[in-house]
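# Structural overview
Listed below, chain by chain, are the residues.
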Amino acid sequence: MRLVNRPLRLATCAAVVLLTAAVGCAPQDESAGGPRATGQGKQACDRGKLATVRAGKLTVGTDKPAYAPWFRDDDPASGKGFESAVAYAVARQLGYGKGAVDWQTVPFTNAFAPGEKKFDFDINQISISAQRKHAVAFSSGYYDVRQAVIALKGSRAAHARSIADLRHVKLGAQVGSTSLDVVNDTIHPDGTPAVFQKNDYAKTALKNGQVDAIVTDLPTAFYITSAEVPDAKVVGQFAGTGSTKEQFGLVLDKESRITACVSAAVDALRKNGTLAALEKKWLTDAVAVPVLK
């Protein structure tokens, strides 16, 4: 910042007080976790010159293994799979080519836990929620989420036709996930649900009969039943609840200076049809799955 002599600085501040009354020389308001996309934010969003963890690079986090259909062959850097493709599309929108994107392994719950982050944004099927916003910042939503139930074919849970039919079966979901929230807050099972560190463990428990059904997001449910547990089926999906729909968002440090820039990039990709095209390419259509009520 350029230094000015004290009398000039005081005069300037006094003029601002007279002009703006209550605002005075207070700092410009910022959105949660980042600058506005206009005014001061325009300079902060210069393409390829953001205030990133590493200058000239965009560091992106996700969990390992990186599951399909969100990623292909456990390789986030391939550009294949919905979230890998979205990450690179956001990077390009921000002015970073594929060679300027560095991937970092970040366990699912660590991504939205309190504390300083070593990534610029994390992409890992993490739903935006008011509770999580206490610890981290989110971009605009890049995918509208539906949760679904998976059960082994022929099991009691596989014949469920309503939410009430699921209350008497043993259910499981990943820890810290909105899938687990659906189990507890929407289904209200008679027994305590099984909680797993990763969806891989939940799938194994389903195959071994340790749980009757598991809850995941719908695209993951399609992939599990088509490629990983062919003896299982998608029993049904849940309608969105509340006044706002569930969405996946990119996770950023609570104090990130680029949150507004990243949100603007996601908004542009939604507006120009890129997100819809990537969803059509990588994710399965959910029309045929019944809605459980």
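Reading the values: rules and limits
- Residues numbered from 1 in each chain as written.
- Predicted model: local features only at pLDDT ≥ 70, side-chain atom pairs only at ≥ 80, totals over all residues.
- Heavy atoms only, no water.
- Helix = DSSP H or I, 4+ residues; strand = E, 2+ residues; numbered from the N terminus.
- Buried < 20%, exposed > 50% of the residue type's maximum accessible area, 1.4 Å probe, protein only.
- Contact = heavy atoms within 4.5 Å.
- Areas by Shrake-Rupley, 256 points an atom, 1.4 Å probe, with all protein chains shown as cover.
- Axes fitted to C-alpha atoms, helices over the stretch in contact; angles between N-to-C directions.
- Parallel < 35°, antiparallel > 145°, perpendicular 65-115°, else oblique.
- Left-handed = near helix turned anticlockwise from the far one by under 90°.
- Nonpolar A, V, L, I, M, F, W, Y, C, P; charged D, E, K, R; others polar.
- Phe/Tyr/Trp six-rings, centres within 6.5 Å; stacked < 30°, edge-to-face > 60°.
- Lys NZ or Arg CZ within 6 Å of the ring centre and 35° of its normal.
- Pairing = 2+ DSSP bridges.
- Polar contact = N/O pair within 3.5 Å; in protein donor to acceptor, adjacent residues only side chain to side chain.
- Salt bridge = Lys/Arg side-chain N within 4 Å of Asp/Glu carboxyl O.

What follows covers the overall build of the protein. A count of helical and extended segments in the protein gives nine helices and 11 strands. For the protein, buried positions account for 46% of its 293 residues. Residue pairs at least 24 apart in sequence account for 71% of intrachain contacts in the protein once pairs closer than 6 positions are excluded. For the protein, the accessible surface area stands at approximately 15,100 Å², while carbon and sulfur atoms represent 52% of it.

What follows is about the packing of helix α3 (residues 82-94) against helix α9 (residues 274-282). Two quantities define a packed helix pair, namely the angle between the helix axes and the distance between the axes. Taken N-terminus to C-terminus, the directions of α3 and α9 make an angle of 155 degrees; their axes are 9 Å apart at the nearest point. One finds that α3 runs roughly antiparallel with respect to α9. Taken as a pair, α3 and α9 cross one another with a handedness that is right-handed. Contacts between α3 and α9 involve F82, A85, V86 and A89 on the former and, on the latter, T274, L275, L278, E279 and W282. Class assignment of the residues belonging to the contact of α3 with α9 gives a composition of seven nonpolar, one polar and one charged.

Bringing the packing of aromatic side chains into the picture now. For the coordinates displayed, the defined rule picks out 10 aromatic pairs. Look at Y143 and F248: their rings are 5.7 Å apart centre to centre, the planes differ by 35 degrees, and that puts the pair in the tilted class. One end of the pair, Y143, is in strand β4 (residues 136-144); the other, F248, is in strand β10 (residues 247-253), with 105 residues separating them in the sequence. Take F248: its relative accessible area is 1%, and that puts it in the buried class. A connected cluster of aromatic rings, assembled from ring pairs, spans W70, F82, Y142, Y143 and F248. K98 extends its terminal NZ or CZ atom over the ring of Y88, reaching a point 5.3 Å from the ring centre. Across from the ring centre of F112, 4.2 Å away, lies the NZ or CZ of R132, which sits over that ring.

What follows covers the sheet that holds strand β6 (residues 171-174). If you trace the six strands from one edge of the open sheet to the other, you get β7-β6-β8-β5-β9-β11, paired in mixed fashion. Because the sheet does not close on itself, it has two edges, and the strands there are β7 (194-196) and β11 (291-292). Here five bridges tie strand β5 (residues 147-152) to strand β9 (residues 232-238), and the two strands are oriented antiparallel to one another. Across the sheet, the residue bridging to L152 is A232, located in β9. Set on the sheet, helix α5 (residues 178-187) makes contact with β5, β6, β7, β8 (213-217) and β9; between it and β6 the angle comes to about 145 degrees.

Among the six residues in β5, five count as buried, and that is most of the element. Bridge count between β5 and β8: five bridges; the pairing is antiparallel. Bridge pairing in β8 links I150 to I214.

For Y142, the position within the fold is in strand β4. Looking at Y142, the relative accessible area reads 2%, which means it is buried. Distance from Y142 to I123, taken between C-alpha atoms, is 9.9 Å for residues 19 residues apart in sequence. There is a polar contact of 2.5 Å between the side chain of Y142 and the side chain of E83.

With that settled, the discussion passes to the pattern of salt bridges. Applying the stated criterion across every chain, the model contains seven salt bridges. Residue D144 is joined to R270 by a salt bridge in which the shortest nitrogen-to-oxygen separation is 3.9 Å. Highlighted residues: D144 in strand β4 and R270 in helix α8 (residues 259-271), separated in sequence by 126 residues. Given the relative accessible area of 37%, R270 is considered partly exposed. Members of the salt-bridge network, linked through shared partners, are D144, K245 and R270.

Attention shifts here to the pairing of β10. Where burial is concerned, most of β10 is hidden: seven out of the seven residues are buried. The sheet contact formed by β4 and β10 spans six bridges and is antiparallel. Across the sheet, residue Y143 finds its bridge partner in β10, namely F248.

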